[in-house]
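# Breakdown of the fold
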Amino acid sequence: MMKKLLVTFAAAVMAALSAMGQTDMQRAQYYEVPSSFNPSAIGNTDFVRIRAGARLQWLGIENAPQGFAGVADMPFKLGSRRLAVGVNVAQESAGLYKSLAFGAQVAYKLRKWGGVWSVGLQVGLYDQAFKGSEVFLPDDDDYHQGNDDAIPTSDIHGTAFDAAAGLWYEHPRFYAGLSCTHLTSPTVTMNAESAGGGSETSGDRKYQFQAKRTLYFTAGCNIPIKNTLFDIVPSVLVASDFGFTTGQLTARARYRKMFSFGLGYRWDDAVIATVAAEIKNFYVGYSYEYATSAIRSASSGSHELMVGYSLKLNLGEKNRNRHKSVRIM
C-alpha cells in the first residue's frame, strides 16, 4: 500500500512540476526541429524536410514524461513571392496527464541584408487529458478525501484553439529566431460527468488547464576548421514562460558535413551527449541526457531518438535563390 501511494504521489508531483515549469516538451536536438517552437523556421531549404523523434525522460521513474514530436515543411512560390508551409505535431504524457498539440504553419520570406528573413504563423489545436480513473487516494490521507471535487475520478479531456508566431533570419553562416508559442494562452476546459449523470448541478464538473505563453530565442552558426574536413556548429536555445526560464547550449563537431557528435548543457537540469549522421538525405540522431539535479539519484538518464528525410524540390528558375540551411550543411 505504501509503495503504491508513493508511486502515485511521485507521478502526480512530476506531472504538476511539468505543467508549472513548462507547457512544451523539452528537446535535446532542438536545432533539428526549430519549427516545433518557431513557425517561421520553415522552408529554409529546397527540400520537403521531415523530422520525427521520440523522447523517454528520466528512465527508472514510473510514469515519467514521454513524448513524440514530428514536423514537416516545404517552400513554394506564389508569383514572385517566396512562401513556405509546414505542419507541427507533439504528444507528451507525464504522470496522469497527456497533451496533444497540432498546428498548420505558413511563412513569408524576404531576401535582404545578405540572408533570408521569415515571418511565420501557426494555428491549431491543443488537447489536454487527465486519467482520473487511475487516481489513488488512501482512506487515511490527511490532505485529500476520496470524494474531493477538486480531484477528478474519471478520465477527462478538453481541446482549445492555439496559435504561435515567429521571426527568423537565416544567413549562409548563421541563423537566429525569436518566437512565441501559445499566443492566446489558451485555457482547456476538461469536462467530467459523475456516475449518476445529469446536468452540472447533479454532478457534472469542469476542470481547467491553461497552456502558458512561452517565448523562445535560438541561434547557431557554422565555424569551419581551416584545412580540415571538420566544422564546429554551436547553438543555443532559451525559453521562458515569464515564470520559469531555461536555457540550453550545444556544441557539435561535424565531419564531412555528414557525421556529427557533440555535448550540450541545459541549465540546472542535464548534461547532454549527441551523435548523428545525415547520408543521402536521411538523418538519424541520438541524444543521452544525464541529470545534474537531485533526480539523478532515481533515474538512469533520458533518451531521445530522431529520424528524418529530405526530398529534393525543383523550384524552377534553375533554383537561383537556392541556399542550404546551416543546420544541415
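Structure's up top.
Report follows, based on the coordinates. Quick caveat: nothing in here was measured; it's all calculated off a predicted structure.

Turning next to the overall build of the protein. Each helix and strand counted, the protein has one helix and 17 strands in total. Within the protein, buried positions represent 47% of all 329 residues.

It is worth spelling out the side chain of serine 179 at this point. Turning to its location among the elements, serine 179 is positioned in strand β7 (residues 174-181). Once residues within four sequence positions are removed from consideration, serine 179 is found in contact with Phe37, Asn38, Ala165, Gly166, Thr214, Leu215 and Tyr216.

Moving on: empty space enclosed by the protein. Here the structure, examined in full by the defined rule, presents nine cavities of 30 Å³ or more. Of the voids in this model, the largest cavity is the one considered here, and its volume is about 300 Å³. Forming the walls of the largest cavity are 26 residues, and the residues nearest its centre are Asp24, Asn88, Ala90, Ala101 and His182. Secondary structure elements with two or more residues in the lining of the largest cavity: β2 (66-78), β3 (81-94), β4 (97-112), β5 (115-131) and β6 (155-170). In terms of residue class, the lining of the largest cavity is built from 13 nonpolar, nine polar and four charged.

Further remarks concern a nonpolar patch on the surface. Taken together, Ile225, Leu229, Phe230, Tyr255, Phe259, Phe261, Val275, Ile279, Val284, Tyr286, Leu305 and Val307 make up a surface patch of nonpolar side chains, about 1000 Å² in accessible area. In this structure phenylalanine 230 comes out as partly exposed when scored by relative accessible area, which is 34%.

Our next topic: the packing of aromatic side chains. In this structure the tally under the stated criterion is 11 aromatic pairs. Taking 5.3 Å as the distance between ring centres and 70° as the angle between the ring planes, the aromatic pair formed by tyrosine 30 and tyrosine 31 counts as edge-to-face. There is no split in this pair, since tyrosine 30 and tyrosine 31 are both buried. In textbook terms, an aromatic cluster arises when at least three aromatic residues are bridged by ring pairs, as seen for Trp113, Trp117, Tyr169 and Phe174. Lying across the ring of tyrosine 31, arginine 252 places its NZ or CZ 3.9 Å from the centre. The cationic tip of lysine 312 hangs over the ring face of phenylalanine 47; the distance from NZ or CZ to the ring centre is 5.7 Å.

The next point concerns the pairing of β3. Sheet topology note: the β2/β3 ladder contains 13 bridges and is antiparallel. Each bridged residue has a counterpart across the sheet, and for alanine 72 the counterpart in β3 is valine 87. From the end of β2 to the start of β3, which pair antiparallel, there are two residues, and glycine 79 there has a positive phi angle of about 70°. Where β3 lies against β4, 13 bridges are found, and the strand directions are antiparallel. Looking at β4, one finds that valine 87 is bridged to alanine 104.

Judged by nonpolar contacts, Leu96, Tyr126, Phe130, Ile156, Ala160, Val188, Met190, Tyr207, Phe209 and Ala211 together constitute the single largest core of 10 residues. Every element with two or more residues in this core is listed here: β5, β6, β8 (187-192) and β9 (205-210). Discounting chain neighbours no more than four positions away, the residues touching methionine 190 are Gln128, Ala129, Phe130, Ile156, His157, Gly158, Arg205, Lys206, Tyr207 and Phe209. Grouped together as the second largest cluster of nonpolar side chains are nine residues, Tyr30, Tyr31, Phe37 and Leu237 included.

Let's shift gears to the pairing of strand β13 (residues 245-255). The side chains of a regular strand alternate between both faces of the sheet. The sheet contact formed by strand β12 (residues 230-240) and β13 spans 11 bridges and is antiparallel. Its bridge partner being in β13, isoleucine 232 is matched across the sheet by alanine 253. The antiparallel pairing of β12 with β13 creates a hairpin that spans four residues between the two strands, and phenylalanine 242 there sits at a positive phi of about 75°. Relative to strand β14 (residues 259-266), β13 runs antiparallel, the two sharing eight bridges. In the strand pairing of β14, alanine 253 is matched with phenylalanine 261. The hairpin formed by β13 and β14 contains three residues between the paired strands, and arginine 256 there has a positive phi angle of roughly 55°.

Another aspect to go through is the environment of isoleucine 279. When you line up the elements, isoleucine 279 lands in strand β15 (residues 270-279). What makes isoleucine 279 partly exposed here is its relative accessible area of 38%. Along the sequence, isoleucine 279 and methionine 258 sit 21 residues apart, while their C-alpha atoms lie 6.1 Å from each other.

Our focus in this paragraph is the pattern of salt bridges. A side chain with one charge may pair with a side chain of the opposite charge, provided their charged atoms come close. Taken as a whole and assessed by the stated rule, the structure comprises 11 salt bridges. The closest approach of N and O atoms between glutamate 32 and arginine 51, which form a salt bridge, is 3.0 Å. Here the residue glutamate 32 occupies a position in the loop between α1 (2-21) and β1 (47-59), and arginine 51 occupies one in strand β1, the gap between them amounting to 19 residues. Each member of the pair, glutamate 32 together with arginine 51, is buried. The structure contains a network of salt bridges with shared partners spanning Arg55, Arg266, Asp269, Glu289 and Glu304.

What counts and how
- Residues numbered from 1 in each chain as written.
- Predicted model: local features only at pLDDT ≥ 70, side-chain atom pairs only at ≥ 80, totals over all residues.
- Heavy atoms only, no water.
- Helix = DSSP H or I, 4+ residues; strand = E, 2+ residues; numbered from the N terminus.
- Buried < 20%, exposed > 50% of the residue type's maximum accessible area, 1.4 Å probe, protein only.
- Contact = heavy atoms within 4.5 Å.
- 1 Å grid on protein atoms, 1.4 Å probe; cavity = no way out; pocket = protein on both sides within 12 Å on 5 of 7 lines; lining within 4 Å.
- Points joined across faces, edges and corners; volume = space filled by probe spheres on them.
- Nonpolar A, V, L, I, M, F, W, Y, C, P; charged D, E, K, R; others polar.
- Patch = residues over 30% accessible without salt bridge, like charges linked within 9 Å, V, L, I, M, F, W, Y side chains within 5 Å.
- Areas by Shrake-Rupley, 256 points an atom, 1.4 Å probe, with all protein chains shown as cover.
- Salt bridge = Lys/Arg side-chain N within 4 Å of Asp/Glu carboxyl O.
- Phe/Tyr/Trp six-rings, centres within 6.5 Å; stacked < 30°, edge-to-face > 60°.
- Lys NZ or Arg CZ within 6 Å of the ring centre and 35° of its normal.
- Pairing = 2+ DSSP bridges.
- Core = buried A, V, L, I, M, F, W, Y, C linked by side-chain atoms within 4.5 Å.

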